[in-house]
Amino acid sequence: MKRRTDLPVLLLHNVDSSWSPDEIEQTLREVSALESAIRQEGHPVVNVPVHDSNLKTILSLYDPDDYVVLNWCEDLPGLAHSDALVAHTLETLRFSYTGSPPSVLALSWDKPRVKRLLKKHRVPTPRWKVYTTSKIKDWKEFPAIVKPAGEHCSIGVDKGAVVLGEDELRARVAYVLEAFHQAALVEDFIDGREFHISVLGDKKVTMLPPAEMDFAAFNDVRDRLCTFDSKFTPGSDHYKEIRLQLPAELTDSEYISLEKTASSAYSVLGCRDYARIDIRLRNGVFYVLDINPNADISYETSIVCAAEVAGYSYGAMLSYLINLAARRHPRFGNLCAPETNRRANGEAV
């Protein structure tokens, strides 16, 4: 795709007053890095912070015909799990924006429904069941992992999430039901290599170099997983000891199989522009654990690191996403179309 670097961008992001001062400061640093990287590519940028849930009023100041929205608004302040509402509002107001549509964002929160969809399309995913009671008699496969059925970011996942027997299973399911007020998803725990796979693209998709999470520092099976602490608690054992290997060492056949699984999962869910897919390998089979169509694209995340290994600067990766969204724009769309389409329309390229 031939990239335009003059496209005007609205950088949409949320800042919640309920966050701690450190969290707000960190977010603003990340926003500053996003804005700087986009500007360095040549894009004019308007920084649009979202401090409350009235997104329509905030966006009323801008003409959707004049901008592409880089959507980094993960939630509306005060409204949990509202990323789909953000995308729906952008569509209602006719803005062209980066990332997946609202239906996909909403679906991604429903882990059992995602797993049923993967199974329907024969994309491997660990065996699972959903429980709304801790009175469990029909699960016999251990080790198992217990998660809230409707969360992202490893919320509710710690060392105790991996259970080795029926008593532990019942106790952990009871914990999830009480702590998160939602069903518990129980899965076969795939004690194997874990990969975080970044995929870019809309109609045509590209797998970036695979990132492997190295659990070699841990002997206990309960520790060999990416927990909430591993992502968000500096100083914790999982944060310090889990190593990132990028690119992962894979044979040619493993790479081909992993690419097929990741691309299939991306397409089955209906992801658009970018996503991160968590996958584990056991006995030659790559199992999809989770699909995040609204993956974090701040500067230290695995998707950005993978893009750098593939030869994209931070700004170039963001500009690529902006250009994908511009294809759907009423004014910019034809200018950002693939060259083959533009030749078919008789345009010079």
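Everything numeric in this text was worked out from a predicted model, so none of it was measured.

Engineer: What am I meant to see in the confidence of the model for the chain here?
Structural biologist: Reading fine detail from the predicted coordinates is not recommended where pLDDT is low. In the predicted model, the chain carries a mean pLDDT of 91, and 95% of its residues have values of at least 70. Predicted confidence for residues 339-349 stays below pLDDT 50, and this span has 13 contacts to residues more than four positions away or in other chains.

Engineer: I'm lost on the nonpolar core in this one. Help?
Structural biologist: In a soluble, globular protein the nonpolar side chains are often hidden away together inside. Counting 29 residues, the largest nonpolar core has Leu70, Leu200, Ile297, Met317, Leu318 and Leu321 as its most contacted members. The dominant element in this core, judged by the number of residues it contributes, is helix α11 (residues 314-326), at nine residues. Ignoring any residue separated from it by four or fewer positions in sequence, one finds Met317 in contact with Leu200, Ile297, Ile303, Val304, Ala307 and Tyr312. Judged by nonpolar contacts, the second largest core, of 24 residues, contains Val114, Val199, Ala262 and Val288.

Engineer: Where do I start with the sheet that holds strand β1 (residues 9-14) in this structure?
Structural biologist: In sheet architecture, strand pairing relies on hydrogen bonds along the backbone and comes in two forms, parallel and antiparallel. Strand order across the open sheet formed by four strands is β2-β1-β3-β4, with parallel pairing between neighbours. Whereas interior strands pair on both sides, the edge strands pair on one side only; in this sheet they are β2 (45-50) and β4 (96-97).

Engineer: Explanation requested: the sheet that holds strand β8 (residues 184-188) in the structure shown.
Structural biologist: What the four strands build is an open sheet, ordered β5-β8-β6-β7; its pairing is antiparallel. Both edges of this open sheet fall to β5 (128-131) and β7 (162-163), since each of them pairs with a single strand only. Examined bridge by bridge, β5 and β8 share four bridges and lie antiparallel to one another. Bridge pairing in β8 links Trp128 to Glu187. Contacting β5, β6 (144-148) and β8, helix α5 (residues 111-120) runs over the sheet at an angle of about 150° to β5. Set on the sheet, helix α6 (residues 166-180) makes contact with β5, β6, β7 and β8; between it and β6 the angle comes to about 10°.

Engineer: Just to check I follow, could you spell out the packing of α5 against helix α9 (residues 252-269) for this structure?
Structural biologist: Between two packed helices, both the angle of their axes relative to each other and the distance between the axes serve to describe the pair. Following both chains from N to C, one finds α5 and α9 inclined at 115°, their axes separated by 10 Å at the closest point. α5 and α9 meet at a crossing whose hand is right-handed. Taking contact as the criterion, the partners of Val114, Leu117 and Leu118 in α5 are, on α9, Ala265, Val268 and Leu269. The residue makeup of the contact of α5 with α9, split by class, is six nonpolar, no polar and no charged.

Engineer: Just to check I follow, could you spell out α5 for this structure?
Structural biologist: For the α-helix, the turn length of 3.6 residues means that residues three or four positions removed from each other point alike. Buried within α5 are the following residues: Lys111, Pro112, Val114, Lys115 and Leu118. For α5, the arc enclosing every buried residue in end-on projection is 160°, short of the 170-degree limit, so these residues lie on one face. Against the buried residues of α5 lie α4 (102-108), β5, β6, β8, α9 and β14 (285-292). Positive backbone phi, at 60°, marks Arg122, one or two positions downstream of α5.

Engineer: Honestly, helix α3 (residues 83-92) in this entry has me stumped. Any pointers?
Structural biologist: What α3 keeps buried is the set Asp83, Ala84, Val86, Ala87, Thr89 and Leu90. Contacts from the buried residues of α3 go to β1, α2 (55-59), β3 (68-72), β4 and α4. In the stretch just after α3, Arg94 is the one whose phi turns positive, near 70°.

Engineer: Explain the pairing of strand β9 (residues 193-201) here, please?
Structural biologist: Looking along a regular strand, one sees the side chains alternate between the two faces of the sheet. The buried fraction of β9 amounts to eight of the nine residues, a majority that puts the element mostly inside the structure. Strand direction decides the pairing type here: β9 and strand β13 (residues 273-282), joined by nine bridges, are antiparallel. Considered in β13, the bridge of His196 is made with Asp278. As paired strands, β9 and strand β11 (residues 211-214) are joined by three bridges and run antiparallel to one another. Residue Phe195 lies in a different strand from β11, and its bridge partner there is Glu212.

Engineer: Which parts of the structure should I look at to understand the pairing of β6?
Structural biologist: Of all five residues making up β6, five are buried, and the element is well covered by its neighbours. Of the two faces of β6, the one carrying Ala144, Val146 and Pro148 and the one carrying Ile145 and Lys147 are both buried. Where β6 meets β8, five bridges bridge the pair, whose relative direction is antiparallel. Considered in β8, the bridge of Lys147 is made with Leu185.

How each quantity is defined
- Residues numbered from 1 in each chain as written.
- Predicted model: local features only at pLDDT ≥ 70, side-chain atom pairs only at ≥ 80, totals over all residues.
- Heavy atoms only, no water.
- pLDDT = per-residue confidence, 0-100.
- Contact = heavy atoms within 4.5 Å.
- Core = buried A, V, L, I, M, F, W, Y, C linked by side-chain atoms within 4.5 Å.
- Buried < 20%, exposed > 50% of the residue type's maximum accessible area, 1.4 Å probe, protein only.
- Helix = DSSP H or I, 4+ residues; strand = E, 2+ residues; numbered from the N terminus.
- Pairing = 2+ DSSP bridges.
- Axes fitted to C-alpha atoms, helices over the stretch in contact; angles between N-to-C directions.
- Left-handed = near helix turned anticlockwise from the far one by under 90°.
- Nonpolar A, V, L, I, M, F, W, Y, C, P; charged D, E, K, R; others polar.
- Arc of directions from axis to C-beta.

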